[in-house]
Amino acid sequence: MTSAARVILAPDKFKGSLAAPEVAAALAAGLRKRAPGAEIRQVPVADGGDGTVEAFVAAGWTRVEVTAPGPTGVPRPTAYARHGARAVVELAAVVGLAHLPDAQPDPLGASTYGLGVVLAHAMEHGATEIVLGLGGSASTDGGAGMVQALGVRVLDSDGRELPRGGAALARAVRVDRSGVHPGVAGTRFTLACDVDNPLLGPTGATAVYAPQKGAGPADLDVLENALATWARLAGPEFARLPGAGAAGGTGFGALAVLGARVRSGIEVVLESLDFPALLAAAALVVTGEGSLDRQSLHGKAPVGVCAAARKANVPVVAVAGRALLTPEEIRSAGFADCYALADLAPDPERSMSDAAVLLERVGGRIAEEWLD
């Protein structure tokens, strides 16, 4: 490999430590010190969860600032990314767990209403293709709040619109779609999603994910029954589809009302960032995330990047805060090597707090070992 080789840096975030663009910048600094002639392209990535909008902004998309209700209805600033008629909206950035006031969960009342507000803003400003990144939601409302914000009315037996939140759906008797936002019909919605849970049942949105959002045993019964009522009214055939249970059932609302399609989150992101074109002249790809573990093997960003690079016959190395995979598992996943910050700083607190410095050292080591 020559010093003029193109190196693509395509990491995901190191959760709790650095955002993906910061990871890429630290690696780039180390590479430049040891291989100043190398062409380095920083292409931070995400898999549809938190950090997705930041990845697109780093790639040159426009950040669009907007104010929308958070998961409990408190207005807060958020943003989405736009490029021409395409937009990327990240659920976690609008109604995610991180935006619960005082970090207090509201498993029965939290809503995706704010997400619908952001989708409406994107459509009203020219978006006709919207990628909706699912993950990190604070609610279990089946996406009802999202579609309510887009003009769908969910009514009780007296014809009154139901309040927001998953629990309220138990009182639903009719869904009125006559006032749905006019932009929906002319917009293509793609769900960037890496879970295949249905809406209901033992592997559904409530059973698997609601406990992580503060739901106790009694709450689980309430939410499951409420989602079953919502599914019966909005489209029972969609409730069984893989991904319907994503993000507290937001996948279901998008499938049943918005006509969305579900795709692998990292595949959608890489395609939208035109990653295959970048690989055409690449000599090395560096990817990674905070913890490279068995969960990473099931559709997470680094494995998706690795698959795309290997398809183009470009070697890939991984960088992680910690690597919990065996060397054999790392090679089987397609990585030529793996560099863990924990090898440089075994103390987890230090490896997280000093991640940028350590990543710069790793970047230098990659340059020594992979670039002549």
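Everything here concerns the structure above.
These figures come from a predicted structure and were not determined experimentally.

Peer 1: How would you summarise the packing of helix α1 (residues 20-34) against helix α16 (residues 355-370) if you had to cite specific residues and measurements?
Peer 2: At a minimum axis distance of 7 Å, the contact between α1 and α16 shows a crossing angle of 45°. The angle between α1 and α16 falls in the class oblique. In the crossing of α1 with α16, the sense of the turn from one axis to the other is right-handed. Where α1 abuts α16, its residues Val23, Ala26, Leu27, Ala29, Gly30, Leu31, Lys33 and Arg34 lie against Ala356, Leu359, Glu360, Val362, Gly363, Gly364, Ile366, Ala367 and Glu368. Here the contact of α1 with α16 is built from residues that sort into ten nonpolar, three polar and four charged.

Peer 1: I'd like a description of the sheet that holds strand β13 (residues 337-340), backed by residues and values.
Peer 2: Pairing in this open sheet of five strands is parallel, and the strands run β2-β1-β11-β12-β13 from one edge to the other. In this open sheet, the two strands that pair with only one neighbour each are β2 (39-42) and β13. On average, adjacent strands in this sheet sit at an angle of 20° to one another, irrespective of strand direction. Here strand β12 (residues 316-323) pairs with β13 via four bridges, running parallel. When the sheet's bridge partners are listed, alanine 318 is paired in β13 with cysteine 338.

Peer 1: I'd like a rundown of the environment of isoleucine 330, residues and numbers included.
Peer 2: Looking at the element boundaries, isoleucine 330 is found in helix α13 (residues 327-332). As a C-alpha pair, isoleucine 330 and alanine 318 span twelve residues in sequence and 8.8 Å in three-dimensional space. The contact partners of isoleucine 330, leaving out residues within four places of it in the chain, are Leu325, Phe335 and Cys338.

Peer 1: Go over unusual backbone geometry with me, naming the residues and quoting the values.
Peer 2: Even without being a glycine, alanine 103 presents a positive backbone phi close to 60°. Examined against the element boundaries, alanine 103 turns out to sit in the loop between α3 (91-95) and α4 (113-124). Note on alanine 103: relative accessible area 59%, which makes it exposed. With a phi angle near 60°, asparagine 313 is a residue other than glycine that sits in the positive phi range. Structurally, asparagine 313 can be placed in the loop between α12 (301-311) and β12.

Peer 1: So what about the pattern of salt bridges? Which residues, and what values?
Peer 2: Applying the stated rule across the entire model yields 18 salt bridges. Between lysine 13 and aspartate 50 there is a salt bridge, with the nearest N and O atoms lying 3.7 Å from each other. One end of the pair, lysine 13, is in the loop between β1 (6-11) and α1; the other, aspartate 50, is in the loop between β2 and α2 (52-58), and 37 residues separate them in sequence. For lysine 13, a relative accessible area of 17% translates into the label buried. A relative accessible area of 33% means that aspartate 50 is categorised as partly exposed. What you see here is one network of salt bridges that share partners, running through Asp12, Lys13 and Asp50.

Peer 1: An account of helix α10 (residues 265-272) is needed here, citing residue identities and associated values.
Peer 2: Across the eight residues of α10, six count as buried, placing the element largely inside the fold. For α10, the set of buried residues is Gly265, Ile266, Val268, Val269, Leu270 and Ser272. Looking one or two places after α10, you find aspartate 274, whose phi comes out positive at around 55°.

Peer 1: Could you give me a rundown of α1, with the residues and numbers involved?
Peer 2: Residues that lie three or four places apart on an α-helix share one face, since the helix turns once every 3.6 residues. The end-to-end C-alpha distance of α1, which contains 15 residues, comes to 22 Å, matching closely the 21 Å that a straight helix rising 1.5 Å per residue would cover. All of the buried residues in α1 are Ala20, Val23, Ala24, Ala26, Leu27, Ala28, Gly30 and Leu31. Elements in contact with the buried residues of α1: β1, β2, β11 (282-292), β12 and α16.

Peer 1: A description of the environment of alanine 19 should follow, citing residues and the corresponding values.
Peer 2: Inspection of the secondary structure assignment puts alanine 19 in the loop between β1 and α1. Looking at alanine 19, the relative accessible area reads 32%, which means it is partly exposed. With 104 residues separating them along the chain, alanine 19 and methionine 123 place their C-alpha atoms 28 Å apart.

Peer 1: Just give me the short version of the sheet that holds strand β6 (residues 129-133), but keep the residues and values in it.
Peer 2: Sheets are built from strands paired through backbone hydrogen bonds, the pairs being either parallel or antiparallel. Reading across from one edge, β3-β4-β5-β6-β9-β10 is the order of the six strands in this open sheet, with mixed pairing throughout. Looking at strand neighbours, the two that pair on one side only are β3 (62-69) and β10 (261-263), the edges of this open sheet. Direction aside, the axes of adjacent strands within the sheet are offset by 30° on average. Two elements, strand β9 (residues 188-192) and β10, share three bridges in a ladder whose sense is parallel. Along β10, the bridge assignment pairs leucine 191 with valine 262. Sheet strands touched by α4: β3, β4 (75-83), β5 (86-90), β6 and β9. Its angle to β3, the strand with the most contacts, is close to 140°.

How each quantity is defined
- Residues numbered from 1 in each chain as written.
- Predicted model: local features only at pLDDT ≥ 70, side-chain atom pairs only at ≥ 80, totals over all residues.
- Heavy atoms only, no water.
- Axes fitted to C-alpha atoms, helices over the stretch in contact; angles between N-to-C directions.
- Helix = DSSP H or I, 4+ residues; strand = E, 2+ residues; numbered from the N terminus.
- Parallel < 35°, antiparallel > 145°, perpendicular 65-115°, else oblique.
- Left-handed = near helix turned anticlockwise from the far one by under 90°.
- Contact = heavy atoms within 4.5 Å.
- Nonpolar A, V, L, I, M, F, W, Y, C, P; charged D, E, K, R; others polar.
- Pairing = 2+ DSSP bridges.
- Buried < 20%, exposed > 50% of the residue type's maximum accessible area, 1.4 Å probe, protein only.
- Salt bridge = Lys/Arg side-chain N within 4 Å of Asp/Glu carboxyl O.
- Expected span 1.5 Å × (residues − 1).

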